[in-house]
Structures are given as structure tokens and as C-alpha cells.
Amino acid sequence: MAKTPTPLHWKLVIDAADPHAQADFWAAALHYEPEDNSTLVRQLLEMGALPAAATVDFHGRPAFRDLMAVRHPDDPYDKERGTGLGRRLLFQRVPEPKTTKNRVHLDLHPGPDHREAEVERLTALGASVLRRVTEPAGAWVVMTDPEGNEFCVA
């Protein structure tokens, strides 16, 4: 009998001008937690494997300058590295701005009875409403995060 392959671990990587601000927004939007990689960053700095210029202060602790992730608070994580082992979004700094429509986006599902309240909450966090859609298949609100990445609230 053939052995069933183990599912692959994955993360969604999102390009960003400011990965730390994006992590703060999406952590608040999804009720996730920003990862704390400070122990790993300190170890790499002490070993000379990471230059100080590749780090920033993020909420009072050292962090990678060009990467910041958020993870689901109930999922497992590597306590030594602070890296999530489940549902996570990783924001990576890129030099170019977003220029076209996303090919991949998140859909948030608070439910139709909570959609408007969620849109208001996300707008207060820095999101913008792009358009409201009503079709025979359903209704949702297309929004953008602070850097212009589209997502939907259904």
C-alpha cells in the first residue's frame, strides 16, 4: 500500500514597502500575533552572521529589517526562533511599489450579519473600501490594506 505523503508546510508571502507596518495591520485585522524572532536575531548578531544594519527595533525588540511575519495565535510555533509552524503571513520588503491588481488575495468571512461592522473596524485600522459587490452568488466588499493590496470581506 502506498504511503500518503505528508502535507507540505506553507506560508503566504506578501511583498511590502514596510513589512512591519503591514504585519501590524494584518495582525490586528486577522487577530493574529506578530512573530517574535528577537532571540534568533540576537543570536545571529552575536555570532556575526547578521549585520546590525539588517535589523530594526520592532515593539521594543530586535527584528529582521526586511521580513516580518504574523501567525495564528492557536497554531504551534518554534519557541527558539519565534517562527510560526501553522497559518502565517510573511511580509518581505521589496523596492518596487504595487502597480497592478493582486493575482492572489485574502477573503475574510465575518458573516453577512457582521460584514459592515468588520469593514468599519478594518477601515479604522487603515484599510480602504475599493468597491461593494452584490451579485446573485453573494455580496462582499473589496478593500485595500494600507499598501493597496486588495482583499475581500464577505
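Residues numbered from 1 in each chain as written. Predicted model: local features only at pLDDT ≥ 70, side-chain atom pairs only at ≥ 80, totals over all residues. Heavy atoms only, no water.

Draft legend 1. Summary view of the confidence of the model for the protein. On average, residues of the protein score 94 in pLDDT, and 100% of them reach the 70 mark or higher. The element-level mean pLDDT for the protein is lowest in strand β7 (residues 83-84), coming to 93, with helix α1 (residues 19-30) highest at 98. (pLDDT = per-residue confidence, 0-100. Helix = DSSP H or I, 4+ residues; strand = E, 2+ residues; numbered from the N terminus.)

Draft legend 2. Structural context of helix α2 (residues 38-47). Every buried residue of α2 is accounted for by Ser38, Leu40 and Val41. Viewed along the axis of α2, the buried residues span an arc of 160°, placing them on a single side of the element. Pointing more than 90 degrees away from the buried face of α2 are the exposed residues Glu46 and Met47. Contacts made by the buried residues of α2 are with β3 (55-58) and β4 (61-64). Looking one or two residues past α2, Gly48 carries a phi angle of roughly 80°, positive in sign. (Buried < 20%, exposed > 50% of the residue type's maximum accessible area, 1.4 Å probe, protein only. Arc of directions from axis to C-beta. Contact = heavy atoms within 4.5 Å.)

Draft legend 3. Inspection of the packing of aromatic side chains at higher detail. Applying the stated rule across the entire model yields three aromatic pairs. Consider the rings of Phe25 and Trp26, whose centres lie 5.1 Å apart with planes at 90°: the pair is edge-to-face. The structure contains a cluster of three or more aromatic residues connected by ring pairs, namely Phe25, Trp26 and Phe151. If you follow Lys79 out to its NZ or CZ, it ends over the ring of Tyr77, 4.7 Å from the centre. (Phe/Tyr/Trp six-rings, centres within 6.5 Å; stacked < 30°, edge-to-face > 60°. Lys NZ or Arg CZ within 6 Å of the ring centre and 35° of its normal.)

Draft legend 4. Summary view of the pairing of strand β11 (residues 138-144). One ladder, built from seven bridges, connects strand β10 (residues 128-135) with β11; its direction is antiparallel. The residue of β11 that forms the bridge with Val129 is Met143. Counted between consecutive antiparallel strands, the loop separating β10 from β11 contains two residues. Bridge count for β11 against strand β12 (residues 150-153) is four bridges, and the pairing is antiparallel. From the neighbouring strand, Thr144 faces β12, where its bridge partner is Glu150. (Pairing = 2+ DSSP bridges.)

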